[in-house]
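Structural characterization, general
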Amino acid sequence: MKILTVVGARPQFIKAAVVSRELRKQHQEILVHTGQHFDYNMSEQFFEELEIPKPNYNLGISGGSHAQMTGKMMMALEAPMLETHPDVVLLYGDTNSTLAAALTAAKLHLPICHVEAGARTHSRTNPEELNRICTDHVSSLLLASTESGMKCMEQEGLARRARFVGDPMFDAFTAYSRKRAPGEVVLTGLTGEGCALPQEFYYLTCHREENTSDDRDLLEILTAMEQLDAPTVYPVHPRNKARAKRLQEKYGLSRILFTEPVGYLDSICLVNHAKKIVTDSGGLQREAFFAGKKCVTILDFVCWPETMIENRNELARPKQNEILEKLNHPQTVDAGYLPFGDGQAAAKIVSAIEALQECGA
Ligand code: UDP
């Protein structure tokens, strides 16, 4: 089979790494990078570390409003899809690259397989929610990471096209977790200086539109971290760098290590060795759960309900007292509770795509 995969953002490179490896054992893959994430440490570093094959096409599209980015990507994606005549277009997650590829492929009558289908926040103001809903409704094969995703698709009348395969992020976490030791983590500060990883630390990521569109919310979050009993490592997303740097300069915030984004191997090493995690990232919430680490999520909606049991992951508003209070709630970890599959999602994704072809979709 010929499969055209579209990626564009950091979490998609991680999922594609494990799935592409499995896919290429039997099939031809054409890899298209939209260019949504383009800095070395948000893109190329992932390709190098995770040995993802070089993209066949790089469309170089990033920035602008949601409509501008999605529209430009749609126009640019048509040519590779028409040139290569794929049997299936394979998409991951919930970014503008996912939505653009889904709409373009659907208009060309190409079957679409969506990995991470059915995940819902039930918040229509969350931009990724719209991308997920639209992509699911034009896809031929909907592959869910969790049973709650399956249930959401059933409620939307999508059950016939849906399968539970597990989460390729769990496959990646399992495969790569032991590849880096804390002593090997390389942190670079926002002005280029090297920083050593503290013995004990908290791990913070925060970059969503909801938390970083003004100073107030981000400052509340940083002020909470500043009061903890160990320093915080905060790799800053490029979207948020200017604001974070300004707040650091203005308020000191000496217990927070503001760093450039780290690579995936460093990131999961930080997850595995952090005291606790504070984040607004969908990926990091799951990784905290995989590692059995307490997580506080700064969002007003649940992304992954399976992680929210026994205080393992709790929502907090961007208010320092609320964050500190939730961080202090003790959690209980049941190591036998594995709602994200068995670490074999990539193989199941490939089998599901093969079955789709066999039934002539
Ligand atoms: N991540 C990384 N470097 C960082 C911060 C995060 O490699 O500096 C990883 C993290 O471990 C997770 C993924 O990036 O695997 C999450 O991506 P992101 O937060 O950008 O997207 P989301 O999960 O919210 O869609």
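One can find the structure itself at the top, above this paragraph.
In this text the structure is predicted, and so the values were computed from the model without any measurement.

Cut-offs applied
Residues numbered from 1 in each chain as written. Predicted model: local features only at pLDDT ≥ 70, side-chain atom pairs only at ≥ 80, totals over all residues. Heavy atoms only, no water. Disulfide = S-S within 2.5 Å. Buried < 20%, exposed > 50% of the residue type's maximum accessible area, 1.4 Å probe, protein only. Helix = DSSP H or I, 4+ residues; strand = E, 2+ residues; numbered from the N terminus. Polar contact = N/O pair within 3.5 Å; in protein donor to acceptor, adjacent residues only side chain to side chain. Pairing = 2+ DSSP bridges. Contact = heavy atoms within 4.5 Å. Axes fitted to C-alpha atoms, helices over the stretch in contact; angles between N-to-C directions.

With respect to the state of the cysteines
- Scanning the entire structure with this criterion turns up zero disulfides.
- The structure places no disulfide on cysteine 134, whose sulfur is separated from the nearest cysteine sulfur, that of cysteine 152, by 15 Å.
- Looking at cysteine 134, the relative accessible area reads 36%, which means it is partly exposed.
- Here cysteine 152 is not disulfide-linked; the sulfur of cysteine 303 is the nearest cysteine sulfur, at 12 Å.

Thoughts on helix H12 (residues 282-291)
- In terms of burial, H12 is largely enclosed, as nine of its 10 residues are buried.
- Near the N-terminus of H12, the side chain that reaches the backbone nitrogen of glycine 283, with its oxygen 3.2 Å away, is that of serine 281.
- Of the residues one or two after H12, glycine 292 is the one with positive phi, at around 70°.

Re the sheet that holds strand S3 (residues 57-58)
- Taken in spatial order, the seven strands make up an open sheet running S3-S2-S1-S4-S5-S6-S7, and their pairing is parallel. Unpaired on one side and paired on the other, S3 and strand S7 (162-164) mark the two borders of the sheet.
- Of the strand pairs in this sheet, strand S4 (residues 88-92) and strand S5 (residues 112-117) are connected by four bridges, and their pairing is parallel. By the bridge assignment for S5, leucine 90 is matched with cysteine 113.
- Across the sheet, helix H3 (residues 66-84) is in contact with strand S1 (2-7), strand S2 (28-33), S3 and S4; its angle to S1 comes to roughly 170°.

Quick notes on the side chain of arginine 132
- Checked against the element boundaries, arginine 132 lands in helix H5 (residues 127-138).
- In this structure the side chain of arginine 132 is engaged in a polar contact, spanning 3.2 Å, whose partner is the side chain of asparagine 126.
- Beyond its immediate chain neighbours, meaning those up to four positions away, arginine 132 contacts Gly93, Asp94, His114, Ala119, Arg120, Thr121 and Asn126.

Observations concerning unusual backbone geometry
- Residues other than glycine seldom take positive phi values, yet histidine 85 does so here, at roughly 45°.
- Counting through the fold element by element, histidine 85 comes out in the loop between H3 and S4.
- Of note, the phi angle at histidine 122 is positive, near 60°, even though the residue is not glycine.
- Here histidine 122 lies in the loop between S5 and H5.
- Judged by relative accessible area, histidine 122 falls into the exposed class, the value being 62%.

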